[in-house]
Amino acid sequence: MTWKESKIIRIIQYSIITLFSLFFILPLFVIFLDGIKAKFAHIFSDSLFIQSLYTSITLAFISSILTVIVAILLSNTRRNFSLDTRLGSMPFSKLLNAIVAFSGNVYLAIPSLVLGLGFFLMYQKYDGSLFIWSSLAILSANVLMSLPFALAVLVPAMHKTAKRYDKLCFSLGLSTFQRYKEIEYPYLKSSLAYVFVLSFCFSLGDLGIIALFGSDDFITLPWYLYQLMGSYRTTDAAGVALILLVLVLCVFILIPKIFRSKSA
């Protein structure tokens, strides 16, 4: 038996969903309309665009890999301190679990520009190339920014696998590598793909720390887009924004399909 709501409640719900959908869809629709008017041959022939695209994709890929690795380690640590079959019954296990949980969400309390300013001051104080310091700053910010969302996806999934297969794995004496290869990875494959895609898109569109380090020698796609808008090249900026939008949508659609096809 299904729960039937009144007609007024349904009208209110549909109105709220429609209103917020318009807030989300209309800006993307405007980007599409203005972006298709851009001269893409001129954009793709610009060396700064090629450099910014290559830098953004490289940093996004590296930060996504790092996010997945750190998220797995933190999720595994949290379930070690949570489950009674592991270390959950030990003293201070709840406190340690809370500390680990806080470490994965600490970036929510720190503005990205504060972290970027710290790296910028270190760059001015210590010798080193701008590329190295800016790359470290952007990678650190992207990983920390993606971790709260990655942990929200991986922690419940890894808890489920531990509750379901811990006794079996312990009885078979599987090593850590064998456990992750045969038990964890097939079950977590879709979650890992989602975490990778989410971190990739976060990194691809970030304009926080690059605002401190951006230059002609180190440029990302959002910084290139910002430069176009600052020089009143709005048509080219709309074209770059459309390219960025298409790239993000392709990543969100294709990578999960690749993971599903491999699992099949």
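The structure contained in this document is the topic of the report that follows. Because the structure is predicted, anything quoted here is derived from the model rather than measured.

What counts, and where the lines are drawn
- Residues numbered from 1 in each chain as written.
- Predicted model: local features only at pLDDT ≥ 70, side-chain atom pairs only at ≥ 80, totals over all residues.
- Heavy atoms only, no water.
- Patch = residues over 30% accessible without salt bridge, like charges linked within 9 Å, V, L, I, M, F, W, Y side chains within 5 Å.
- Areas by Shrake-Rupley, 256 points an atom, 1.4 Å probe, with all protein chains shown as cover.
- Salt bridge = Lys/Arg side-chain N within 4 Å of Asp/Glu carboxyl O.
- Buried < 20%, exposed > 50% of the residue type's maximum accessible area, 1.4 Å probe, protein only.
- Core = buried A, V, L, I, M, F, W, Y, C linked by side-chain atoms within 4.5 Å.
- Helix = DSSP H or I, 4+ residues; strand = E, 2+ residues; numbered from the N terminus.
- Contact = heavy atoms within 4.5 Å.
- Phe/Tyr/Trp six-rings, centres within 6.5 Å; stacked < 30°, edge-to-face > 60°.
- Axes fitted to C-alpha atoms, helices over the stretch in contact; angles between N-to-C directions.
- Parallel < 35°, antiparallel > 145°, perpendicular 65-115°, else oblique.
- Left-handed = near helix turned anticlockwise from the far one by under 90°.
- Nonpolar A, V, L, I, M, F, W, Y, C, P; charged D, E, K, R; others polar.

Another aspect to go through is a nonpolar patch on the surface. Where nonpolar side chains cluster on the molecular surface, the patch consists of Ile8, Ile9, Ile12, Ile16, Leu19, Phe20 and Phe23 and spans about 740 Å² of accessible area. When its relative accessible area of 60% is taken as the criterion, phenylalanine 23 is described as exposed.

Turning to the nonpolar core, a few remarks are in order. Core analysis: the biggest nonpolar cluster contains 52 residues, and Phe49 and Val240 have the highest contact counts within it. Looking at this core, the elements that each hand over two or more residues are helix H3 (47–82), helix H6 (130–172), helix H7 (176–204), helix H8 (210–213), helix H9 (221–230) and helix H10 (234–263). What phenylalanine 49 contacts, discounting residues up to four positions off in sequence, is Ile43, Phe44, Leu221, Tyr224, Val240 and Ile243.

On to the packing of aromatic side chains. Throughout the structure, instances matching the rule amount to seven aromatic pairs. Aromatic pair phenylalanine 61 and phenylalanine 196: ring centres 5.9 Å apart, planes at 75°, arrangement edge-to-face. One end of the pair, phenylalanine 61, is in helix H3; the other, phenylalanine 196, is in helix H7, with 135 residues separating them in the sequence. Using a relative accessible area of 44% as the deciding quantity, one classes phenylalanine 61 as partly exposed. In this structure phenylalanine 196 comes out as buried when scored by relative accessible area, which is 12%. Centroid distance phenylalanine 149 to phenylalanine 202: 5.3 Å. Interplanar angle 55°. Geometry classified as tilted. Separated by 53 residues along the polypeptide, phenylalanine 149 in helix H6 and phenylalanine 202 in helix H7 bring together distant segments of the chain. For phenylalanine 149, a relative accessible area of 39% puts it in the partly exposed group.

In this section: the packing of H6 against H7. Between H6 and H7, the least distance of the axes is 9 Å, while the angle of their chain directions is 165°. Here H6 is positioned roughly antiparallel relative to H7, judged by the angle of their axes. The interaxial crossing formed by H6 with H7 has right-handed handedness. Here the residues of the contact of H6 with H7 sort into 19 nonpolar, six polar and five charged.

Right, let's talk about the packing of H3 against H7 for a bit. Two elements in contact, H3 and H7, have axes whose closest approach is 8 Å; the angle formed by their N-to-C orientations is 135°. Between H3 and H7, the crossing angle belongs to the class labelled oblique. Note on packing geometry: the crossing formed by H3 with H7 is right-handed. When its residues are assigned to classes, the contact of H3 with H7 shows 13 nonpolar, seven polar and three charged.

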